[in-house]
Structures are given as structure tokens and as C-alpha cells.
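Commentary on secondary and tertiary structure
The primary structure of each chain is shown beneath.
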Amino acid sequence: MLETDGLFPGYQLLSWLPDETFFSLISRHHQLWGHVTAAQSSQLVFGSSRGGSHHDLPNSLGIFVQRTNAVFGEADYIARERTLLKFYSAFVSKAETDNAIACMSSASVAHLKLRLGILTSRFRANHPLKACPHCIRQDLRETGWAYWHLKHQFPGVWMCTTHQQPLLQSCLKANGVERFRWLLPHLSELNPVNTKSDSASSDSVLLGLSELVEHLVWSKTDQPLQLGKLHEVYRQELQNRGWIAGAVSLRPAQIAAAFLDYCEPLRCIPEFAALAEDKASMGQQLSRLLRPPRSGTHPLRHLLLIHWLFGDAPNFDRAIRLLIPIQN
Ligand SMILES: [Zn+2]
């Protein structure tokens, strides 16, 4: 007999809200149940005082599904559709996604970030919680809850594409003390990320990038992007511009300078701090992306290059389609 039977008679269960993360769902229950400590809620739904509380790639989904009788879906659905695995699964092989789901179903997600290529990059691996102030007000009005949207949590997304407004960032899950807390977005606990006064140009680039990320993540769910082939798409585009000829880079300094220009307005966001700041290092980063990849490159590097070279998702999709015979 499942342990679920009789476990929740005194505990009301909620339903998923649109585009809600798993962390948000549990945080709403934590608030609804009025528990004083995070550990009480964790113990109840995960059977351990610190289970499941990673807000990006949580563990213990298997025990959660068992204890809730799968009323919120199976672990496979929760991991794929309600956590940041949604983002990463668009860029890794199906086998790697399956491995991630197995990890997240178990009691430990140790090494998972390493396997997904998140820790091997210089991009920050802690995935700050983000929210749109307009969504918060709208959600409160329409659902009675302010909650975390999955699309806002994707790396590279710093604008709400619905309201075309900058996202605010929470610092609460980033430090040690608060790591195991359940929390929902409150305006008083969220801070602007870009504090520069001339933010208009940054906002425009960030909005375009956010739209591209969302489009790619949602459209590549069933068929991940083949990162191993992307350098061919990039090279073709650079060749169309007359910047390279076959394997020869004709104007490496010009390419690096143009990409540096593109990156400039993004530097207000700490997530992009790993981007090279001079032509020589940018040239090195670019040459790695223009060759067949040797090991996991963080998807953000590709997303930035795709945004710079193709501007938007339809242009990029067209370029990919031209190479379909190669991909097959
Ligand atoms: Zn919004």
C-alpha cells in the first residue's frame, strides 16, 4: 500500500498554475499550510527535512509523487515541464535528459549540474529566482497567488516577454542560510538587476534574447538542438557575410569586435560577466564555438551567438532548416 493513503486528510492540496515551477507549487503549499519552518513542509511531502528544496533542479521527485499519489503528475512530467530541466533538455541529448530525470527522482542531485554542463562553464550556476512585477500583480488579481513562472527562470531571460519589462531578482535562495527556504515572490524582497540609468538599449537586446530563449526552449522540447552541428550553421552565416571562406577566417578581428559590440549592453547583467571583454579573449571564445565542440558548452554561449548572428528565432530556424540534410 502506498504511503500516500491517509497522509494528507488534513492538508488541502492546490493545483498547478499556468507556467508555474515545482518550487513555486511547494512554496504555495508551505504558505497555505502555515508551517513555521521549511523543514516541516519538506518532511511532509519529501520525507526528509531538506528534500526537494532546490529551486532549479530539485531532488526527491519520486518520493513526492508517491506521497501525493501523482495528483501533480509523474516525476517525468514534473522534471521535464516544471523545473529548469525544461531549459537544459533543449540543449542536451535525450539520454542526458533521462539521466537528469532519474537523478531528480532520487534523493540526490549531486553531479547533475556537472553532467548538464552547467558547472563546467564560467556562467553562474546558482540560477537566481526572478519575477516580473507586472506578472505578480496580474497573478494576484487573477489567481490569488504571486508565484514563480518557469519561463522567467531560464538562463538568459531577464525581461518578461509578456509585459516587456525587466525581471527583478531575489537574493534569498542564493546564500547558505536561506537555501532550504520555501518562498514566493514579494516585491519587497526583489531587486532590479540593471541599475544603470541608460538601460533602454540593454532592455531592447535583453528582450530580443529573452524571446529567442523562450522560443527555442519551447520548440525544442521533443527534438533538442544538436549543439554538435551548430558550428556549421554559424560558419555558413559568417560565410554569407564574407567574414570566413571555408575553414579560413578572413576577418577574425572584425568578427570578434562585432560580437563584443553586441555583448556590450548585456554586461549590466551579472549572469553575463563571463563574457570576454577584449578582442583577443573574445576571438578565442568565438573560435571554440565555430569548431566542432569537444565537451559541454553552456547553452548560453550558443544562445548569445544565435541572437547576435540571426536576431530572432524565425531567421535561425530558416538557417537550421537549410542544413537539415547535414543533420540527418
Ligand atoms: Zn510580466
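Since this is a predicted model, take the numbers as computed values, not measurements.

Let us now look at helix α15 (residues 313–322). Looking only at α15, the buried set comprises Ala 313, Phe 316, Asp 317, Ala 319 and Ile 320. What you see down the axis of α15 is that its buried residues fit within an arc of 160 degrees, all on one side. Along α15, the residues that are exposed and aim more than 90 degrees away from the buried face are Arg 321 and Leu 322.

Cys 132 (SG), Cys 135 (SG), Cys 160 (SG) and His 163 (ND1) make up the full set of protein donors to the zinc ion, lying at 2.1 to 2.3 Å. Along the chain, the residues donating to the zinc ion fall in the pattern C-x2-C-x24-C-x2-H. Residue Cys 135 is found in helix α8 (residues 133–143), and its partner His 163 is found in the loop between β2 (159–160) and β3 (165–166); the two are separated by 28 residues along the sequence. Overall, Cys 135 belongs to the buried group, its relative accessible area being 6%. The class for His 163 is partly exposed, based on a relative accessible area of 22%.

One non-glycine residue, Ser 60, adopts positive backbone phi at about 60 degrees. Among the residues examined, Ser 60 registers a relative accessible area of 5% and is labelled buried. Backbone geometry places Ala 70, a non-glycine residue, at a positive phi of 60 degrees. The topology assignment puts Ala 70 in the loop between α3 (61–67) and α4 (75–82). Given a relative accessible area of 25%, Ala 70 falls into the partly exposed group.

What counts, and at which threshold
Residues numbered from 1 in each chain as written. Predicted model: local features only at pLDDT ≥ 70, side-chain atom pairs only at ≥ 80, totals over all residues. Heavy atoms only, no water. Buried < 20%, exposed > 50% of the residue type's maximum accessible area, 1.4 Å probe, protein only. Helix = DSSP H or I, 4+ residues; strand = E, 2+ residues; numbered from the N terminus. Arc of directions from axis to C-beta. Donors = N, O, S within 2.8 Å, 3.2 Å for Na, K, Ca; no water.

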